[in-house]
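So the chains spell out like this:
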Amino acid sequence: MAKRRSTVVSLGEVLWDIFPDGARFGGAPANVACHAAALGANAVMVSQVGKDQLGSEALDALQQRGVDTEYVSASADFPTGTVTVELDASGKPSFTISEDVAWDYLPWTDTLKSLASQTDAVCFGTLGQRSKVARDTIRSFLTHTADTALRILDVNLRPPFYSDQLIEDSVGLANVLKFSDDELDCLASACSITGNETEIVQELIGRYDLQLIALTRGAKGATLYRQNERDDAPGVAVSVKDTVGAGDAYTASLITGLLDRLPLPTIN
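Residues numbered from 1 in each chain as written. Predicted model: local features only at pLDDT ≥ 70, side-chain atom pairs only at ≥ 80, totals over all residues. Heavy atoms only, no water.

## Notes on the sheet that holds strand 6 (residues 81-87)
Phase 1: With mixed pairing, four strands are arranged side by side in an open sheet as 3-2-6-7. Unpaired on one side and paired on the other, strand 3 (22-26) and strand 7 (93-97) mark the two borders of the sheet. The mean angle between the axes of side-by-side strands here comes to 30°, regardless of whether they run parallel or antiparallel.
Phase 2: Direction of pairing for strand 2 (residues 15-19) relative to strand 6: parallel, over a ladder of four bridges. Pairing of L15 across the sheet is with G81, part of strand 6. (Pairing = 2+ DSSP bridges. Helix = DSSP H or I, 4+ residues; strand = E, 2+ residues; numbered from the N terminus. Axes fitted to C-alpha atoms, helices over the stretch in contact; angles between N-to-C directions.)

## Overview of helix 2 (residues 53-64)
Every α-helical turn comprises 3.6 residues, leaving residues that sit three or four positions apart pointing alike.
Phase 1: Between its first and last C-alpha, helix 2 extends 16 Å over twelve residues, near the 16 Å set by a 1.5 Å rise per residue.
Phase 2: Within the span of helix 2, buried status applies to G55, A58, A61 and L62. Looking straight down helix 2, one finds that the buried residues subtend no more than 120° of arc, so they occupy a single side. Exposed and facing more than 90 degrees away from the buried side of helix 2 are Q53 and Q64.
Phase 3: Next to the buried residues of helix 2 lie strand 2, strand 3, helix 1 (28-38) and strand 4 (42-50).
Phase 4: After helix 2 finishes, the residue G66 shows a positive phi value of roughly 85°. (Expected span 1.5 Å × (residues − 1). Buried < 20%, exposed > 50% of the residue type's maximum accessible area, 1.4 Å probe, protein only. Arc of directions from axis to C-beta. Contact = heavy atoms within 4.5 Å.)

## Re the environment of A174
Phase 1: The residue A174 is located in the loop between helix 5 (164-173) and strand 10 (176-180) in this model.
Phase 2: Linking A174 and E199, residues 25 residues apart in sequence, is a C-alpha distance of 19 Å.
Phase 3: In this view, A174 contacts F124, R151, L153, Y208 and L210; residues no more than four positions away in its chain are not counted.

## A look at the sheet that holds strand 1 (residues 7-11)
Phase 1: One open sheet holds the nine strands; their spatial order is 5-4-1-8-9-10-11-12-13, and the pairing between them is mixed. With partners counted over all chains shown, the strands left at the sheet margins are strand 5 (72-75) and strand 13 (229-233), one partner each. Ignoring which end each strand starts from, the neighbouring axes of this sheet average 15° apart.
Phase 2: Looking at chain direction, strand 10 and strand 11 (residues 212-216) are connected through five bridges and run parallel. Looking at strand 11, one finds that K178 is bridged to A214.
Phase 3: Across the sheet, helix 1 lies against strand 1, strand 4, strand 8 (121-125) and strand 9 (150-154), angled at about 150° from strand 4, the strand it touches most.

## Regarding helix 1
Phase 1: Counting buried positions over the eleven residues of helix 1 gives nine, a clear majority of the element.
Phase 2: All of the buried residues in helix 1 are A28, P29, A30, N31, V32, A33, C34, A36 and A37.
Phase 3: Following helix 1 by one or two positions, G40 adopts a phi angle in the positive range, close to 105°.

As structure tokens, then:
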């Protein structure tokens, strides 16, 4: 009998990154869905696009990569999201994110409630919750998942679209946490935690009953933490064009590895 494919849901923004040389499909949850599909999961996108050309092209981009778009709604009132991206000399991006776009108004529906109950893992972020409508929908989805489901928070902080309260509330809804070394201090401050990296991580795990924390370090690699286990992986030397989406590829590998119950060194 063939093994059942795990259902991995991405919640939040679908958008187009506008680079100096043109537009590229993106959004952290959408990137995760595409990579999860490539890794063999039943990847499902939950978002909203506009009834416009960019919205149609976004759906095509997801479908071409094997992502289920049944739960991506279309708004006649708001446009598909866009982000202007500028890269520094090292390829590190800065973002200008359009507001009042379709994914900000993702509605909660009975079909999403049904999907939540069938989900093996769900990935969500902080940016996707910047508006009350989308925030309420994302949190309703999370509360309707099974107790056994993985709920992965990708702490993708994009000023000015977050607050200490949003960060702490989101951590409380997750059982797996992924963030970068650049976000460590902000996360610790939002949760009123002090200490060195290890002390902060262990306090987060204990206080919020987290199964795992993934801390990415850019060129220096990544560290995975469990209650009594730690694995460090070095960075991989590559010629960097830009780093947009690199963390999302890592998140997808993390999710599928955890669902397959792989050892931490293998996942990392």
